[in-house]
Amino acid sequence: RELEKSFCLIRKSSTCCFSSGTHFTAWPRNDFAVDMSDLRGPGLREALLLSLIVLSHSISLDLANSAAANFVMDIHNPATSKNFDLHVYYPAGADAKVDGQATNSTRYPVVVFVHGWFGSWSCFSFLVSNLTAQGNIVALVAALDYSPEVDVKRLASDQTCGLEQLVEQANTNATFPLYGRVSNTYVAAGHSEGGAASMISANPTNLHPNPFKVNFTALMPLSGCTPGTDMMPYARSDELPVMFVTGSRDCLCPPPIHADKFFKASPSKCKFLVNINGGTHCNFSEARDCQAGYDICYAAEVALVCEIGHHVIDREEQWALVNQYSSLWINFASDQSPNNLMALRAALMADAAADRL
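Rules used in this analysis
Residues numbered from 1 in each chain as written. Predicted model: local features only at pLDDT ≥ 70, side-chain atom pairs only at ≥ 80, totals over all residues. Heavy atoms only, no water. Helix = DSSP H or I, 4+ residues; strand = E, 2+ residues; numbered from the N terminus. Buried < 20%, exposed > 50% of the residue type's maximum accessible area, 1.4 Å probe, protein only. Contact = heavy atoms within 4.5 Å. Areas by Shrake-Rupley, 256 points an atom, 1.4 Å probe, with all protein chains shown as cover. Pairing = 2+ DSSP bridges. Axes fitted to C-alpha atoms, helices over the stretch in contact; angles between N-to-C directions. Lys, Arg positive; Asp, Glu negative; His and termini not counted. Salt bridge = Lys/Arg side-chain N within 4 Å of Asp/Glu carboxyl O. Parallel < 35°, antiparallel > 145°, perpendicular 65-115°, else oblique. Left-handed = near helix turned anticlockwise from the far one by under 90°. Nonpolar A, V, L, I, M, F, W, Y, C, P; charged D, E, K, R; others polar. Core = buried A, V, L, I, M, F, W, Y, C linked by side-chain atoms within 4.5 Å. Expected span 1.5 Å × (residues − 1). Phe/Tyr/Trp six-rings, centres within 6.5 Å; stacked < 30°, edge-to-face > 60°.

Draft legend 1. Structural detail: the overall build of the protein chain. For the protein chain, the count of helices and strands is 10 helices and 12 strands. Across the 357 residues in the protein chain, those meeting the buried criterion constitute 55%. For the protein chain, long-range pairs separated by at least 24 residues make up 75% of all intrachain contacts whose partners lie at least 6 apart in sequence. Accessible area of the protein chain: about 15,000 Å², with a carbon and sulfur share of 51%.

Structure below.
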């Protein structure tokens, strides 16, 4: 409730919102597509940071009911001289050994995922559970120590650094849980600002400095954008296979301003755009394991005069579509066979015909 009041006070100068009872209502301003640069208004960052502190009493990723195992890597990034945690989830049994020897020779694709501004690595257990069940390693960059000032290039640097150190350990350290278990498919993925970071990570020439030798092989931004940074030069430089995923009711990174333009600008010879009908920005993440981040995202989406509730699908339906297409995309990125391409295209056509996309 205090968060809603804060947004009303902050936006009062634009006369675009009012508080009514226990509900927060926004008046339309031109169109629902409001550029995320609005988030740079005076006082809004401070309100978001205060809200995060108040709301985030406990954050955990609950995968107890899934088949995933996990560990945490303490990563030092030589490019930034800073440390961060990399939370690694992988299919149960992938680390199985007998007398120090691996019991199978399966190698798994790696997805390095970056959360968004004021989000958390813990906001995506639905996606982690699905991808590990499909035979993927998912590594999540924990960036909770970041300043409220946007630092998308640091996110990109940490994402690339995390990939390199995970791959190096998997290839050289016999005591590493995933020793000999990593394939040569590396997917840069993320939500919101994390999606924007992935677009930077996709091309190693975007990173300055760039001491890293391991590069991503495919890209999957979920509603990627970031305030204060023009992402079009990065979109024009990304030649990797890419699947942009967005939602038609996304008010923080509206498709006409972001994903649509990124898709058209991309020089990739293999690119897809998945626009979920009724999908919102916040529902790419979840509240179950990340209530604080979800509440802040939702309040920001409402503050930007989004008509929440109008033609918006249930978040479980949005998660199901995200899971479906992330699995299909990574299968194709791992093995660009005609069969995998046909499966992806068939799903796209069927969901478009059913008005889900």
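Now, onward.
Draft legend 2. Examining the environment of Cys-161 more closely. Residue position: Cys-161 is located in helix H4 (residues 152-172). Along the sequence, Cys-161 and Asn-210 sit 49 residues apart, while their C-alpha atoms lie 9.3 Å from each other. Excluding its chain neighbours within four sequence positions, the residues that come into contact with Cys-161 are Ile-75, His-76, Asn-77, Pro-78 and Phe-212.

Draft legend 3. View of the sheet that holds strand S3 (residues 68-77). Taken together, the 8 strands give an open sheet; going across it, the order is S3-S4-S8-S7-S9-S10-S11-S12, and neighbouring strands pair in mixed fashion. Whereas interior strands pair on both sides, the edge strands pair on one side only; in this sheet they are S3 and strand S12 (271-276). Strand-to-strand, the axes of this sheet are offset by a mean angle of 20°, without reference to chain direction. Here strand S4 (residues 82-91) pairs with strand S8 (residues 137-142) via 5 bridges, running antiparallel. Note on S8: the bridge partner recorded for Val-88 is Ala-139.

Draft legend 4. Representation of the side chain of Asp-238. Inspection of the secondary structure assignment puts Asp-238 in the loop between helix H6 (232-237) and strand S11 (242-247). With no salt bridge to any partner, buried Asp-238 finds its closest opposite charge in Arg-236, at an N-O distance of 11 Å.

Draft legend 5. Looking closely at the packing of helix H9 (residues 315-334) against helix H10 (residues 338-353). Viewed as axis vectors pointing N to C, H9 and H10 meet at an angle of 155°, and their least axial separation amounts to 8 Å. If you check the angle between H9 and H10, you find them roughly antiparallel. In terms of crossing hand, the pair formed by H9 and H10 is left-handed. When H9 is examined against H10, the residues Leu-321, Gln-324, Tyr-325, Leu-328, Trp-329, Asn-331 and Phe-332 are found in contact with a partner set consisting of Asn-340, Leu-341, Ala-343, Leu-344, Ala-347, Leu-348 and Asp-351. Across the contact of H9 with H10, the residue classes tally to 10 nonpolar, 3 polar and 1 charged.

Draft legend 6. Spatial organisation of unusual backbone geometry. Along the chain, His-208 connects to Pro-209 via a cis peptide bond; the corresponding omega equals -5°. Within the secondary structure, Pro-209 sits in the loop between helix H5 (193-201) and strand S10 (218-222). Phi angles above zero are rare outside glycine, and Ser-81 is one such case at about 60°. Relative to the helices and strands, Ser-81 resides in the loop between S3 and S4. Judged by its relative accessible area of 57%, Ser-81 is exposed. Residue Ser-223 is not a glycine yet carries a positive backbone phi of 50°. Examined against the element boundaries, Ser-223 turns out to sit in the loop between S10 and H6.

Draft legend 7. Region of the structure containing the nonpolar core. Counting 47 residues, the largest nonpolar core has Leu-86 and Val-88 as the members making the most contacts within it. The element that contributes the greatest number of residues to this core is H4, accounting for 8 residues. Discounting residues that sit within four places of it in the chain, Leu-86 has contacts with Phe-71, Val-72, Met-73, Ile-75, Ala-139, Leu-140, Val-141, Gly-162 and Leu-166.

Draft legend 8. Spatial organisation of the pattern of salt bridges. Counted according to the given criterion, the structure contains 3 salt bridges. Between Arg-315 and Glu-316 there is a salt bridge, and its shortest N-O distance comes to 4.0 Å. Residue Arg-315 is classed as partly exposed on the basis of its relative accessible area of 28%. Residue Glu-316 is classed as partly exposed on the basis of its relative accessible area of 48%. Between Arg-356 and Asp-351 there is a salt bridge, with the nearest N and O atoms lying 2.5 Å from each other. When its relative accessible area of 34% is taken as the criterion, Arg-356 is described as partly exposed.

Draft legend 9. Region of the structure containing H4. In this model, H4 (21 residues) spans 30 Å end to end at C-alpha, consistent with the 30 Å of a helix rising 1.5 Å per residue. Among the 21 residues of H4, 15 are classified as buried, and the element is accordingly described as predominantly covered.

Draft legend 10. Examining the packing of aromatic side chains more closely. Following the criterion strictly, the structure yields 7 aromatic pairs and no others. Pairing Phe-71 with Phe-176 gives two aromatic rings, centres 5.3 Å apart and planes at 85°, and the pair type is edge-to-face. Here Phe-176 lies in the loop between H4 and strand S9 (182-191) and Phe-71 lies in strand S3, a separation of 105 residues in the sequence. Each member of the pair Phe-71 and Phe-176 is classed as buried. Between Phe-126 and Trp-319, the ring centres sit 5.0 Å apart and the planes meet at 15°, which makes this aromatic pair stacked. With Phe-126 in helix H3 (residues 125-133) and Trp-319 in helix H9, this residue pair connects regions lying 193 residues apart in the sequence. Considered together, Phe-126 and Trp-319 belong to a single accessibility category, that of buried residues. Linked through ring pairs, Phe-71, Tyr-90 and Phe-176 together constitute an aromatic cluster.

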